[in-house]
Amino acid sequence: VFTSGILSRAEGRPTIALFFTGPYHAGENLRRVLAQRQQGLPLPIQMCDGLSRNVPKDLQVILANCLVHARRNFVELVDLFEAEVEYVLECLKKVYTIDAHAREQGLAPDDKLVEPNSSLGGAISFMLKHWHKLTLFLRAAGAPLDNNVCEQALKMCIRHRRNSLFYKTLRGAAVGDLYMSLIHTCYFSKVDPFDYLTELQRNADRVRAAPADWMPWNYQKTLASLAATSDSSRGPPDTSHALTG
């Protein structure tokens, strides 16, 4: 049983969190989501680690790989190859520093003479093998540097699974994923998940009729609009006065 975490980021709205628990790998779950996208949209940029099972089959994406995963291979070798590892980490530090300021960079790695079968050679080989996807941020505007945001989000779902003493059935796992997807998206939208879920129940018919108006980032605006409509339908208050003598 696997749990996949999919985070969607786009301009103009907060991050959306989706969790899927079951026998399917991340790429299969992502394919189900992307298959429902509107036609004619530009290709999405997918950030993930280098595992092939993270890539959706038969659907085209602009694939980027996580720099943190590649960096971690070098960090683990710092005691054995201090100078070589320090060089790589300093280069990556420049990338992250410049990304934070202007998101523009064009680093070119220097050739290093290392035994290919050594542990350091393996770390370098991994980075070179995935270099095109690791450096997508240099060519595609908005491409993220790493997958940390998704890995951090998965901790929320894993904590829920542990607190539930795991899942008895796949149906139970799916229900848990649904609630954690809504709750964590509320976290990204900076709204109270309890209030959000309560309003979904109170306005169930309206939610079914227009689900796009009841997302975590806009449901409060929808509620305010409904309240304003309700107030205007009542008409102006009675301001007449009765005179007695």
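This text goes with the structure placed above it.
1. Section: the overall build of the chain
Then comes step 1: Across its full length, the chain carries 10 helices and four strands.
Then comes step 2: For the chain, the α and β elements follow one another from N to C terminus as β-β-α-β-β-α-α-α-α-α-α-α-α-α.
Then comes step 3: In the chain, which comprises 245 residues, the share counted as buried stands at 32%.
Then comes step 4: Considering only intrachain contacts with a sequence separation of at least 6, the fraction spanning at least 24 residues in the chain is 51%.
Then comes step 5: For the chain, the accessible area works out to roughly 16400 Å², and carbon and sulfur atoms hold 55% of it.

2. What to know about the pattern of salt bridges
Then comes step 1: Evaluated as defined, the whole model comprises two salt bridges.
Then comes step 2: Close ionic contact of D205 with R208 constitutes a salt bridge, the shortest N to O distance being 3.0 Å. Placement of the pair is D205 and R208 together in helix α9 (residues 204-209), with a separation of three residues, close to one helical turn.
Then comes step 3: Among the residues examined, R208 registers a relative accessible area of 65% and is labelled exposed.

3. Here we look at the side chain of D146
Then comes step 1: Following the sequence through the fold, D146 ends up in the loop between α5 (131-134) and α6 (148-163).
Then comes step 2: Within the buried core, D146 has no salt-bridge partner, and the shortest N-O distance to an opposite charge, that of R9, equals 7.4 Å.
Then comes step 3: Separated by 2.8 Å, the side chains of D146 and Y96 make a polar contact.
Then comes step 4: Excluding residues that lie within four positions of it along the chain, D146 makes contacts with M47, C66, L67, V68 and Y96.

4. With respect to a negative patch on the surface
Then comes step 1: There is a patch of like negative charges on the surface, built from D79, E82, E86 and E90.
Then comes step 2: Structurally, E90 can be placed in helix α3 (residues 82-101).

Conventions and cut-offs
- Residues numbered from 1 in each chain as written.
- Predicted model: local features only at pLDDT ≥ 70, side-chain atom pairs only at ≥ 80, totals over all residues.
- Heavy atoms only, no water.
- Helix = DSSP H or I, 4+ residues; strand = E, 2+ residues; numbered from the N terminus.
- Buried < 20%, exposed > 50% of the residue type's maximum accessible area, 1.4 Å probe, protein only.
- Contact = heavy atoms within 4.5 Å.
- Areas by Shrake-Rupley, 256 points an atom, 1.4 Å probe, with all protein chains shown as cover.
- Salt bridge = Lys/Arg side-chain N within 4 Å of Asp/Glu carboxyl O.
- Lys, Arg positive; Asp, Glu negative; His and termini not counted.
- Polar contact = N/O pair within 3.5 Å; in protein donor to acceptor, adjacent residues only side chain to side chain.
- Patch = residues over 30% accessible without salt bridge, like charges linked within 9 Å, V, L, I, M, F, W, Y side chains within 5 Å.
- Charge placed at Lys NZ, Arg CZ, Asp CG, Glu CD.

Keep in mind these numbers describe shape, not what the thing actually does.
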